[in-house]
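Structural overview
Chain by chain, the residues run as shown.
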Amino acid sequence: MQTLQGYYLNQATFKLMLAGLLCLTMLFDMQNLVKPLQAQRGSSLRFYGSGATDHDRVKIPLGLIDSSGRLTTSYPVNVSSTFTIEFWMKATATNNPAPACPGGWYTGNILIDRDVFGAGDYGDYGVAICNQRLAVGVSVGSDDRLLTGTTIVTDGQWHHIAITRAENGQVRLFVDGQPDRVLAGPVGRIDYRLNRTTAYPASDPFLVLGAEKHDYPGSRYYNGLLDDLHLSRVVRYTDAFLRPTAPHPVDADTVAFYRFDEGAGTVITDSAPGGISTGELKPRDGDPTQHWSTDTPFGGEITPTATSTPAPTATRTPTDTSTPAPTATRTPTDTSTPALTATTTPMNTATTTSVSTVTTTPTTTLTTVSAPPEDDQEIRIYIPLISCSHSVQASSIQE
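Anyway, here's the lowdown on the structure attached to this text.

1. Regarding the state of the cysteines
Taken as a whole and judged by the stated rule, the model has 1 disulfide. A sulfur-sulfur separation of 1.8 Å characterises the disulfide bridge that pairs Cys101 with Cys130. Since a negative S-S torsion denotes a left-handed disulfide, the Cys101-Cys130 link at about -95° is left-handed. Taken as a pair, Cys101 in the loop between strand S7 (83-91) and strand S8 (109-114) and Cys130 in strand S9 (residues 123-130) lie far apart in primary sequence, 29 residues in all. When its relative accessible area of 7% is taken as the criterion, Cys101 is described as buried.

Here is the structure:
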């Protein structure tokens, strides 16, 4: 019989305490195992720049589309005025050889295409790689303006990209948290208009990733990795901020969010509240497996290679039969100016870093009595074996 601070502690209670400590130790061990595994579960999406024929891309409908190709209901992804688009990209110069794009972003290696064929009813926008730098175009009606970045982003490393548009039309580009260029963009709504008639129902009312949505002859396509695409209805950054070290968090201002953590298949899940802006992966050669990569901004070492890239076919024509004038015939005005970074004091104005804290508070209750029991009966304690199944999702990349 043992005593503890003036109280009697019988053998059965002592065994119970040991069992509790054992269970607690096992829980802490499992928690420590889970943490590194969670960082390896993510995946990114791999594009090959093969282009044409409505393949090697992601297509996200901007809302409900009727049999005539008209948008009858607008989803949150169909941003109208103020927005922030941020994502991670990893690409090489060899795989994305588009030269400077004085004629417009739609002549570069296209990452994001929210264009309309011909002059936009309201407006449109897009993001591409031109001369190893990002080019961002915003149009309102026939007012088409272009921002061309100064930072090389095709160095085979992961880069965090943020693009904001304010109510007054101002567009800002950030690379890894640092201001790159500023554009006095056109003012007005840029969403895809409801009930708009189009000769291109399979491409116009969509947000397309990794390709020129109409497969216009001579178009170039993105060849590289894309991850954690986050669209918001607010301006999240106005000054330098700390480059994120974790996936973007979801909040009330998130309108569409594509983590690309599915790791397989062709369904691209929307992680925004409501999650209705689901996308579809249109694989090249009909095989989605090759588009999923375990290389992410938060771990991994896979780098896109030029040898796996088929040459883009510039002689293909759009699958649609009508031929209205493309937006490429417009000549945008690059009025962007380099952002002043020398006197910028980095501060994290973003709300994009969230910390999840899990606190485990074990409670051990000692049963005490004023005197030892007269009959110390045998007590058997059954400790269940705790088994955790950890799965690390990985996929092979067929180059």
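2. Regarding the nonpolar core
In this structure, Phe87, Met89, Leu111, Ile112 and Leu209 are the most contacted members of the largest nonpolar core, which totals 47 residues. The dominant element in this core, judged by the number of residues it contributes, is S7, at 5 residues. Ile112 has contacts with Ile85, Phe87, Trp105, Tyr125, Gly126, Val127, Leu207, Val208, Leu209 and Leu229, leaving out every residue within four places of it along the chain. Among the nonpolar cores identified, the runner-up in size contains 8 residues, and Cys101, Tyr106, Ile110 and Cys130 belong to it.

3. Quick look at empty space enclosed by the protein
Per the counting criterion, the structure on display carries 4 cavities of 30 Å³ or more. There is about 50 Å³ of room inside the second largest cavity. Taken together, Phe83, Ile85, Tyr125, Gly126, Val127, Val136, Gly137, Val138, Ile163 and Val171 make up the lining of the second largest cavity. Secondary-structure elements contributing two or more residues to the lining of the second largest cavity are S7, S9 and strand S10 (133-140).

Analysis parameters
For every chain, the first residue of its written sequence is number 1, and the numbers climb from 1 along that sequence. Thresholds applied to this predicted model are a pLDDT of at least 70 for local features of residues and 80 or more for the giving and counting of side-chain atom pairs; totals over whole chains, interfaces and linings are not thresholded and use all residues. Side-chain numbers here rest on the full set of heavy atoms in the structure, without hydrogens or water. Note that a disulfide, as used here, is simply two cysteine sulfur atoms within 2.5 Å. Here a strand is any run of E in DSSP of at least two residues, a helix any run of H or I of at least four, and the numbering for each starts at the N terminus. To sort residues, take the accessible area from a 1.4 Å probe on protein chains only and compare it with the maximum for the residue type: under 20% means buried, over 50% means exposed, and anything in between is partly exposed. In this description, a nonpolar core means a group of buried Ala, Val, Leu, Ile, Met, Phe, Trp, Tyr and Cys residues linked to one another through side-chain atoms lying within 4.5 Å. By definition in these notes, contact holds between two residues if any of their heavy atoms fall within 4.5 Å. Each cavity reported here is a set of points on a 1 Å grid over the protein atoms alone in which a 1.4 Å probe fits but cannot get out, each pocket an open set with protein on both sides within 12 Å along at least five of seven lines, and each lining residue one with an atom within 4 Å of a point. Grid points are joined across faces, edges and corners, and a volume is the space filled by probe spheres set on the points.

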